[in-house]
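Spelled out, the chains give:
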Amino acid sequence: MTAPSENTPANAPAPGNSPLAKTMDNIVALARRRAFIWQSSEIYGGINGFWDYGPMGAALKRNLKDAWRKDIILCPGNGPDGKQLDVVEVDCTIIMNPKVWIASGHAAGFNDPMVDCKETKQRYRADHLSVIYAWDVDPESGDETRADWTFAFVSGDDTSFEKALKKARKRAKQQGSRVIDAPPVLPFTDPEIALTLARVVGPDADIPGTLTEPRNFNLMFETYCGAIQDESSKAWLRPETAQGIFSQFWNITDTCRVRVPFGIAQIGKAFRNEVTPRNFTFRSREFEQMEIEFFITHPDALKPGELTPKDWYEFWYKTRYQWWQDVGLAGENLQLRHHDKDELSHYAKEGAGVCDVEYRFPFTSPGFGELEGIAHRADFDLKAHATACGKGDKMRYFDQARNTRYFPHVIEPSAGADRGTLALLCEAFTPDPSRPSGVYMKFKPRMAPIKAGIFPLVNKDGMPEVAEKLHKELRGKYAIEFDEKQTIGKRYARMDEVGTPYCFTIDGDTLSTQTVTVRERDTLAQERISLDNVSAFLAEKIGE
Ligand code: GAP
């Protein structure tokens, strides 16, 4: 006998329970309802750009970070030289000596050009705005002429675009004209716009000329250390974890048994005062990074035939692209995008390249959003810190094998844990109208917040006792949910919505046959296996 199916009439979907479409609204609603992600300080109305993870979300994000840690630091594979990769871990502070950010260039250059609207007091990122060039059509002659006003909108935001188009049409009507069907669109940063700013109507404004010229706005959060708040006590919350790694490079090489090539990795919080935090957790003001700085021989010290920065760069982007597939983002929603030369920062222009692993989120579709950037940063960072702290070339790394000194080059794979978690949520969301829940979360078992549910079919006849014993046996090894409340259908539905790959049900036959029913999340198949075999079954299926 198997446990009753959730699709028996008693548990059939309620009338009107239509299948859920894979939209961002539905994903956000599930994330909220099933304790994945909530607004930070929600009872006070939240705070823009900050998010809390509930028990399911915290477990999902933890699984992603643990997988990264295991695959990068604890059990890395071999490098392109055929030797096992050597990567050590650090845990640096969020607030560092402000000189770090002066040396790294963040204090002067970590800016977004911002545009303020004097009418509505809204602030926009200049590179996030576009402008509709309203070409009017003369109703008599059909001639097209440029209208006097142009209309700004937030790029990629359909509502904002419609608003701008509506304003353009209204203006044209007032002038006895109409707007052509597909008016041209220009980026706000186009030089033409700067010359005609007085005629641009802001995205939320009614009259033209209220947008300011783009002004730089530093993204680092400021704070003060100590009792007195003045320039001398000013500090910043780190906008990336990388600089902690670079500034501890010398302590690592002095105290740890590492030799180039080797990596230093760190998982930790980073803070950016993003002007337009949006798209759920995608652009947050507080987020977590998983960064590797992988140090390699300076090209000038290489012998013929040795691995070059290009070889290491290619190795790392292929490895990282594969990793995101392994954790569950395989398929057409994942891509690797190589940056064009004109996108590259000054230090990267001469290097082997920069590329991003990108995911097609529902809000970027048909486009993609960045999950991780992989960059050849040459020797820019180590050199900058050595110069800024006054020791310069004395801080060059001594390569014993080559008997020479240099600042190692760096390949940096820098990933976002929150964007990764969001991509896992989006990818896993699988509508299925045949289930009571209408949807299930198809996480890879390694990523699933709960690996298995253990359910006594009913709360009597010795079933709870057997279930509790099994729970005790497994809970130290895996994240296990024990649940004895509600109908079995409702318990399965809840497990589907949090993406639990296996549920074990203890029923009337368990005591006599010493077997349980295993229900498989994706196929809904049920089979009986021996009670003694549950742990081995999970070990084989979860395989961590
Ligand atoms: N050290 C290099 C660096 O920080 P980045 O491209 O600015 O590079 C790396 O950031 C990763 O951090 C991104 O690929 C993204 O996953 C994540 N990230 C950056 N800004 C973010 C934000 N505002 N919210 C969430 N994640 C962010």
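Structure's up top.
Keep in mind it's a predicted model, so treat the numbers as computed, not measured.

The rules behind each value
- Residues numbered from 1 in each chain as written.
- Predicted model: local features only at pLDDT ≥ 70, side-chain atom pairs only at ≥ 80, totals over all residues.
- Heavy atoms only, no water.
- Near = heavy atom within 4 Å.
- Polar contact = N/O pair within 3.5 Å; in protein donor to acceptor, adjacent residues only side chain to side chain.
- Areas by Shrake-Rupley, 256 points an atom, 1.4 Å probe, with all protein chains shown as cover.
- Helix = DSSP H or I, 4+ residues; strand = E, 2+ residues; numbered from the N terminus.
- Nonpolar A, V, L, I, M, F, W, Y, C, P; charged D, E, K, R; others polar.
- Buried < 20%, exposed > 50% of the residue type's maximum accessible area, 1.4 Å probe, protein only.
- Core = buried A, V, L, I, M, F, W, Y, C linked by side-chain atoms within 4.5 Å.
- Pairing = 2+ DSSP bridges.
- Axes fitted to C-alpha atoms, helices over the stretch in contact; angles between N-to-C directions.
- Contact = heavy atoms within 4.5 Å.
- Parallel < 35°, antiparallel > 145°, perpendicular 65-115°, else oblique.
- Left-handed = near helix turned anticlockwise from the far one by under 90°.
- Expected span 1.5 Å × (residues − 1).
- Arc of directions from axis to C-beta.

*Asks:* So what's going on with the site of the ligand? Which residues, and what values?
*Replies:* Surveying the vicinity of the ligand reveals 19 residues, the closest of which are Glu240, Arg272, Glu274, Glu291 and Glu370. Between Ser284 and the ligand, the recorded distance is 2.8 Å, taken from a backbone N or O atom to a nitrogen atom. Glu412 places a side-chain nitrogen or oxygen 3.0 Å from a nitrogen atom of the ligand. Burial of the ligand by the protein chains amounts to 88% of its free accessible area of 560 Å². Contributing elements (two or more residues each) for the shell around the ligand: β17 (286-296), β20 (369-378) and β23 (409-416). The element that contributes the greatest number of residues to the shell around the ligand is β20, accounting for four residues. Grouping the amino acids of the shell around the ligand by side-chain chemistry returns four nonpolar, six polar and nine charged.

*Asks:* So, helix α13 (residues 488-498): which residues are in play, and what are the values?
*Replies:* Counting buried residues along α13, nine of its 11 residues qualify, which places the element largely inside the surrounding structure. Among the residues making up α13, those that are buried are Ile488, Gly489, Arg491, Tyr492, Ala493, Met495, Asp496, Glu497 and Val498. Following α13 by one or two positions, Gly499 adopts a phi angle in the positive range, close to 80 degrees.

*Asks:* Outline the nonpolar core, supporting the account with residue identities and numerical values.
*Replies:* In this structure, Phe36, Trp316, Trp324, Phe443 and Phe504 are the most contacted members of the largest nonpolar core, which totals 82 residues. Examining the composition of this core, we find that nine residues originate from one element, helix α9 (residues 309-329), more than from any other. Among the nonpolar cores identified, the runner-up in size contains 27 residues, and Tyr133, Ala147, Phe153 and Leu165 belong to it.

*Asks:* An account of the sheet that holds strand β29 (residues 515-520) is needed here, citing residue identities and associated values.
*Replies:* Strand order in the open sheet made by the five strands is β27-β26-β28-β29-β30, with mixed pairing throughout. Pairing within the sheet leaves two strands with one partner each, and these edge strands are β27 (480-482) and β30 (526-530). Adjacent strand axes in the sheet meet at a mean angle of 25 degrees, parallel and antiparallel pairs treated alike. The strands touched by helix α12 (residues 463-474) within the sheet are β26 (452-456), β27 and β28 (502-506), with β26 carrying the most contacts at an inclination of about 160 degrees. Against the sheet, α13 makes contact with β26, β27, β28, β29 and β30, and its axis sits at roughly 170 degrees relative to β26, the strand it touches most.

*Asks:* Tell me what's going on with the sheet that holds strand β16 (residues 262-271), and back it up with residues and numbers.
*Replies:* Whenever strands of a sheet pair, they do so through backbone hydrogen bonds, lying parallel or antiparallel. Taken together, the seven strands give an open sheet; going across it, the order is β3-β16-β17-β23-β20-β19-β18, and neighbouring strands pair in mixed fashion. Every other strand in the sheet has two partners, leaving β3 (87-89) and β18 (334-338) as the edge strands with one partner each. Here the average twist between neighbouring strands, direction ignored, is 20 degrees. Summarising the sheet, β20 and β23 pair through six bridges and their orientation is antiparallel. Considered in β23, the bridge of His376 is made with Ile411.

*Asks:* Give a detailed account of the packing of helix α2 (residues 55-74) against α9, specifying residues and quantitative values.
*Replies:* Relative to each other, α2 and α9 sit at 140 degrees, their axes nearing to 12 Å. Looking at the two axes, α2 sits oblique to α9. Both α2 and α9 take part in a crossing whose hand is right-handed. The residues of α9 that touch α2, namely those facing Leu64, Ala67, Trp68, Asp71 and Ile72, are Trp316, Arg320, Trp323, Trp324 and Val327. Considered class by class, the residues forming the contact of α2 with α9 number eight nonpolar, no polar and two charged.

*Asks:* An account of helix α5 (residues 158-174) is needed here, citing residue identities and associated values.
*Replies:* Its 17 residues place the ends of α5 24 Å apart at the C-alpha level, agreeing with the 24 Å of an ideal helix rising 1.5 Å per residue. When we look at burial in α5, the residues that qualify are Ser160, Ala164, Leu165, Lys167, Ala168, Arg171 and Ala172. When α5 is viewed along its axis, its buried side chains cluster within an angular range of 160 degrees and face the same direction. Residues Asp158, Thr159, Lys166, Lys170, Lys173 and Gln174 are exposed on α5 and point more than 90 degrees away from its buried face. Where α5 is buried, its residues meet β6 (129-132), β7 (135-137), β9 (150-154), β10 (178-179) and β12 (200-201). For α5, the N-terminal capping position is held by Asp157, with its side-chain oxygen 3.0 Å away from the main-chain nitrogen of Thr159. Within two residues after α5, Gly176 carries a phi angle of roughly 75 degrees, on the positive side.

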